[in-house]
Amino acid sequence: MRVLVTGAGGFVGAALARRLQDDAGALGAPVTELILADMAFAGAAPGPRAVHRVGSIADDTFLDSLVRASPDVVFHLASIPGGAAERDPALGTAVNLHATTRLLEQLAGLTASAGRRPPVVVFTSTVAVYGAQLPAIVDDATPLRPVMSYGAHKLMTEYHLADLSRRGLLDGRSVRLPGIVARPAQAGGHVSAFMSNIFHALAAGEHFTCPVSAAATCWWMSRERCVDNLLHIARMPAPAQRTWPMPVLRLSIGELVDALARIYGEDRRALVRYEPVEAVESVFGRQPPLDDRLPRALGLRDDGDVEGLIRRALA
Ligand SMILES: NC(=O)c1ccc[n+]([C@@H]2O[C@H](COP(=O)([O-])OP(=O)(O)OC[C@H]3O[C@@H](n4cnc5c(N)ncnc54)[C@H](O)[C@@H]3O)[C@@H](O)[C@H]2O)c1
């Protein structure tokens, strides 16, 4: 089985790439060729059956060379984060919309011309497709009104992938990721960075200025659980519905701080100063219950409880 991972040098992609190399049964069938693509990679060279391909998917020649390998499974994770895409809309559009569309079209073209089985395409969409001012519960009937170009481009890709799947050219599976934690602290253009930084700061006993209130509710998942779920999505039979959210743990910041204080010491509470920023709280801090019955029925899982989330997030 030939596997392509775009964005394989990123936070989730690097963990997915590691798992694909370390666990021979990760996809149910042996991976004979693992193509890991990104603009750059930190750390060691990949293992024997894996190859690093360095380049931009917005470069047609580079993209064509990835598709020519005729992958059976594609994890498409390469993306410009929301904050960075707002600051540089041309870059966001080039990668998150145009290059992504071209990737899907090229893969679909391969199916049509070679008469081969449509490749499984796992696309990491985002809960940002729902936008702000969410209803009392988010479910399939919730209007999709993204408030950032990042969410709009992810939503367009969900539709495009579902349509190419309907036409039998791809076997697409779009999953809307919640905040995946705990990303190492860095200037990465992620508006949701506070969701990771709070773990690192309190574990290390450092002060943390929180851009949402203690009552703010967020949807959480650890990177390890996210990778478990992405692999499960690639392995499962073609689903009737092509897009779903992840099952999530819904926790307030206050509940998370309570749990971190239980684990790392009561003094941690005093380290948090709340300075809510409306633009952040409205998108990431008012997340209501999420109807995740469908992804659960498909076999996807959350982190179980807040302690499980913290343990995996800081592993
Ligand atoms: N981490 C989260 O909380 C979260 C939440 C919702 C959705 N997602 C989605 O999940 C995926 C993975 O997230 P992540 O946290 O690992 O993101 P990330 O920003 O850490 O990684 C994305 C990778 O894409 C690469 N990339 C960007 N432009 C590229 C280009 N032109 N060509 C090739 N590679 C390019 C980057 O170099 C980076 O390594 C992304 O698609 C993201 O939108 C993540």
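Just so it is clear, the model here is predicted, and its values are computed rather than measured.

1. As for the overall build of the protein chain
Broken down by element type, the protein chain carries 11 helices and 12 strands. For 315 residues, the compact-globule estimate of 2.2 N^0.38 gives 20 Å, and the C-alpha radius of gyration of the protein chain, at 19 Å, lies within 12% of that figure. Dimensions of the protein chain, computed from the C-alpha atoms along their principal axes, are close to 60 × 40 × 40 Å. By the burial criterion, 47% of the 315 residues in the protein chain qualify as buried. In the protein chain, 77% of the contacts between residues at least 6 apart in sequence involve partners at least 24 apart.

2. Some thoughts on the packing of helix H4 (residues 89-114) against helix H5 (residues 149-166)
To characterise two packed helices, one gives the angle between the axes of the helices and the distance between these axes. Direction vectors running N to C along H4 and H5 enclose 10°, while the axes themselves pass 10 Å from each other. Taken together, H4 and H5 sit at an angle that is classed as roughly parallel. Together, Pro89, Gly92, Asn96, Leu97, Thr100, Thr101, Leu104 and Ala108 of H4 and Ser149, Tyr150, His153, Met156, Thr157, His160, Leu161 and Leu164 of H5 make up the contact between the two elements. In terms of residue class, the contact of H4 with H5 is built from 8 nonpolar, 8 polar and no charged.

3. Observations regarding unusual backbone geometry
Between Val181 and Ala182 the backbone carries a cis peptide bond, its omega angle lying at 0°. Along the chain, Ala182 turns up in the loop between strand E7 (179-181) and helix H6 (194-204). Even without a glycine there, the phi angle at Ser70 is positive, about 55°. You can see Ser70 is positioned in the loop between helix H2 (60-68) and strand E4 (73-76). Even without being glycine, Gln133 reaches a positive phi, approximately 50°.

4. Focus: the domain arrangement of the protein chain
By a frequent convention, interface size equals the accessible area lost on bringing the separate parts together. Partitioning the protein chain into structural domains gives domain 1 (2-180 + 220-245) and domain 2 (182-219 + 249-313). In this assembly, 30 residues from domain 1 lie in contact with 32 residues from domain 2. Put simply, the parts of the chain that give the side of domain 1 that touches domain 2 at least two residues each are helix H3 (82-87), strand E9 (217-222), helix H7 (223-235) and strand E10 (243-245). Counting residues per element, the side of domain 1 that touches domain 2 draws most heavily on H7, which supplies 5 residues. In terms of residue class, the side of domain 1 that touches domain 2 is built from 19 nonpolar, 7 polar and 4 charged.

5. Points about the site of the ligand
If you check the shell around the ligand, you find 25 residues, and the closest are Gly7, Gly10, Ser79, Thr124 and Leu177. Only helix H1 (11-22), strand E5 (120-126) and E7 provide two or more residues apiece to the shell around the ligand. Ranked by the residues each element gives to the shell around the ligand, the list is headed by H1, at 3 residues. Here the residues of the shell around the ligand sort into 12 nonpolar, 12 polar and 1 charged.

6. Observations regarding the environment of His76
By the element assignment, His76 lies in strand E4. C-beta crowding within 10 Å serves as the criterion here: with 26 such atoms nearby, His76 is assigned to the buried category. Considered as a pair, His76 and Leu104 are 28 residues apart in the sequence and their alpha carbons are 9.5 Å apart. Excluding residues within four positions of it along the chain, His76 makes contact with Thr6, Thr100, Leu103, Val121 and Phe123.

7. Focus: the environment of Arg87
The residue Arg87 is located in helix H3 in this model. Residues Arg87 and Ile253, spaced 166 residues apart in sequence, show a C-alpha to C-alpha distance of 27 Å.

8. A few points about the pairing of strand E11 (residues 249-252)
Here E11 shows a buried face lined by Leu249 and Leu251 and an unburied face lined by Arg250 and Ser252. The pairing of E9 with E11 spans 4 bridges and is antiparallel. Its bridge partner lying in E11, Thr217 is registered against Ser252.

9. Comments concerning H4
With 26 residues, H4 ought to run about 38 Å at 1.5 Å a step, and its terminal C-alpha atoms sit 36 Å apart, in line with that. For H4, the principal kink sits at Ala99 and spans about 30°. Every buried residue of H4 is accounted for by Gly92, Val95, Asn96, Leu97, Ala99, Thr100, Leu103, Leu104, Leu107, Ala108 and Leu110. Packing partners of the buried residues in H4 comprise H2, E4, H3, E5 and H5. Backbone geometry just downstream of H4 places Gly115 in the positive-phi region, at approximately 60°.

10. Notes on the sheet that holds E7
Taken in spatial order, the 3 strands line up as E7-E9-E11 in an open sheet, and their pairing is mixed. Looking at strand neighbours, the two that pair on one side only are E7 and E11, the edges of this open sheet. Averaged over all neighbouring strand pairs, the angle between strand axes comes to 50°, with direction disregarded. The pairing of E7 with E9 spans 3 bridges and is parallel. By the bridge assignment for E9, Val181 is matched with Ser222.

Cut-offs applied
- Residues numbered from 1 in each chain as written.
- Predicted model: local features only at pLDDT ≥ 70, side-chain atom pairs only at ≥ 80, totals over all residues.
- Helix = DSSP H or I, 4+ residues; strand = E, 2+ residues; numbered from the N terminus.
- Rg over C-alpha atoms; globule rule 2.2 N^0.38 Å.
- Buried ≥ 20, exposed ≤ 12 C-beta atoms within 10 Å, placed from the backbone.
- Contact = placed C-beta atoms within 7 Å.
- Axes fitted to C-alpha atoms, helices over the stretch in contact; angles between N-to-C directions.
- Parallel < 35°, antiparallel > 145°, perpendicular 65-115°, else oblique.
- Nonpolar A, V, L, I, M, F, W, Y, C, P; charged D, E, K, R; others polar.
- Domains from an automatic or database assignment.
- Near = placed C-beta within 6 Å.
- Pairing = 2+ DSSP bridges.
- Expected span 1.5 Å × (residues − 1).
- Bend = angle between axes of the 7 residues up to and from the residue.

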